[in-house]
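Spelled out from the first residue to the last, the chains are:
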Amino acid sequence: MHRGKGSTVVAVRYLGTGEAFDEKRPNMSFVLETKTQRLLFDCGYSIPHQLWSVSTAPDYLDGIYISHFHADHCFGLPALVARLSQDGRRTPLHILGGPGSQDAATNVLEMGYPGILNKIPFSLDFIEIEPGAERSFGGWVMSTARSYHSRPNYSVRVTVDGFVVCYSGDGAPSTSCRQLYQHADLLIHEAYYPNATGKKSHASLAEVLTLASDVAAQQLHLVHLSRKVTRPTELVVPEAGEFFLLSR
Ligand SMILES: [Zn+2]
Ligand SMILES: [Zn+2]
């Protein structure tokens, strides 16, 4: 990635954009990066190999944000952390999420590779971001809001180098999510259902389009669509490997 003199560049690199059981698409996951920092958002069971195809450098990531603890968003953690250990990482790895994320991530890691937490040669630094609170990660400011989903899911807002990037994780947007997303430069939102269903476990495409307009989002990326629906061609529906730059 190149950064011109005086300009600011924030990049979003998709490792996958699929729902849990899409045979064509890896799980929903992306890397948000600047010149100085990289954070992975979600790490489902099909993500470690996607990440290693981009980079196997043990210090490539500064941290991982987990929106919620469904398998398609977190079951890649044991493999990722185990390989970092084998490859000799020494710098702390941050694991971020909502309330309860430290215990949940610890359980997933221990289930995958019992004893791993006592063997890795670097520290895991956990940051739990309570809804309504603001936490700093490097120079990035992060806040969360709970969506409507079948497990607690924490949608997230990241302010980085003057840009606001928001990611829904899974679930239909709550009132607090709507507040979280105000004036986002980029809103990355799941749209599992093509049409409104009245269900509050996932968002529908129609609902997300209205939401993006209501919160005055500059750009909208639709992810985690049902594998059974035709993907809208007139909207931005990223695929694994796609790379987007925010710059001004
Ligand atoms: Zn999911
Ligand atoms: Zn989920």
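The structure we're discussing is the one just above.
Worth saying up front: this structure is predicted, and the values here are computed from it rather than measured. (Residues numbered from 1 in each chain as written. Chains lettered and ligands numbered in written order. Predicted model: local features only at pLDDT ≥ 70, side-chain atom pairs only at ≥ 80, totals over all residues. Heavy atoms only, no water.)

Attention shifts here to unusual backbone geometry. Backbone geometry at His-183 places phi at a positive 55 degrees, although glycine is not the residue there. Tracing the chain through its elements places His-183 in the loop between α6 (175-180) and β11 (186-190). Residue classification places His-183 among the exposed positions, given a relative accessible area of 55%. Phi is positive for His-224, close to 60 degrees, though the residue is something other than glycine. (Helix = DSSP H or I, 4+ residues; strand = E, 2+ residues; numbered from the N terminus. Buried < 20%, exposed > 50% of the residue type's maximum accessible area, 1.4 Å probe, protein only.)

Here we come to the coordination of the zinc ion (ligand 1). For the zinc ion (ligand 1), the full set of protein donor atoms is Asp-72 (OD), His-73 (NE2), Asp-170 (OD) and His-224 (NE2), at a range of 2.1 to 2.3 Å. The site at the zinc ion (ligand 1) holds four donor atoms, and with the angles between them running 89 to 158 degrees, its shape is irregular. Binding-site remark: the zinc ion (ligand 1) is held by donors from one chain whose sequence spacing is D-H-x96-D-x53-H. Taken as an interatomic distance, the gap from the zinc ion (ligand 1) to the zinc ion (ligand 2) is 3.7 Å; Asp-170 donates to each of them. Pair noted here: His-73 is in helix α2 (residues 71-74) and Asp-170 is in the loop between β10 (163-167) and α6, with a separation of 97 residues, a long-range link. In this structure His-73 comes out as buried when scored by relative accessible area, which is 0%. (Donors = N, O, S within 2.8 Å, 3.2 Å for Na, K, Ca; no water. Tetrahedral: all angles 85-135°; square planar, octahedral: opposite > 155°, others 65-115°.)

Moving on to the coordination of the zinc ion (ligand 2). Distances from the zinc ion (ligand 2) to its protein donors, His-68 (NE2), His-70 (ND1), His-149 (NE2) and Asp-170 (OD), fall at 2.1 to 2.4 Å. For the zinc ion (ligand 2), the four donor atoms in the first shell make angles of 90 to 166 degrees at the metal, a pattern classed as irregular. Read in sequence order, the donor residues for the zinc ion (ligand 2) give the motif H-x1-H-x78-H-x20-D. What makes His-68 buried here is its relative accessible area of 1%.

Taken in spatial order, the six strands line up as β7-β8-β9-β10-β11-β12 in an open sheet, and their pairing is mixed. Each end of this open sheet is capped by a strand with a single partner; those strands are β7 (135-137) and β12 (219-223). For this sheet the average axis-to-axis angle between neighbouring strands, irrespective of direction, equals 20 degrees. Pairing of strand β9 (residues 154-160) with β10 involves five bridges; the strand directions are antiparallel. The residue of β10 that forms the bridge with Arg-157 is Cys-166. (Pairing = 2+ DSSP bridges. Axes fitted to C-alpha atoms, helices over the stretch in contact; angles between N-to-C directions.)

Among the seven residues of strand β8 (residues 140-146), five are classified as buried, and the element is accordingly described as predominantly covered. Hairpin geometry of β7 and β8 is characterised by an intervening segment of two residues between the two adjacent antiparallel strands and by a positive phi of about 60 degrees at Gly-138. As judged from the six bridges shared by β8 and β9, these two strands associate in the antiparallel manner. Opposite Arg-146, over in β9, you have Tyr-154 as the bridge partner.

Of the positions making up helix α3 (residues 77-86), those classed as buried are Leu-77, Pro-78, Leu-80, Val-81 and Leu-84. The arc that holds every buried residue of α3, seen down its axis, measures 165 degrees, which confines them to one face. Of the residues flanking the end of α3, it is Gly-88, one or two places downstream, whose phi is positive at about 85 degrees. (Arc of directions from axis to C-beta.)

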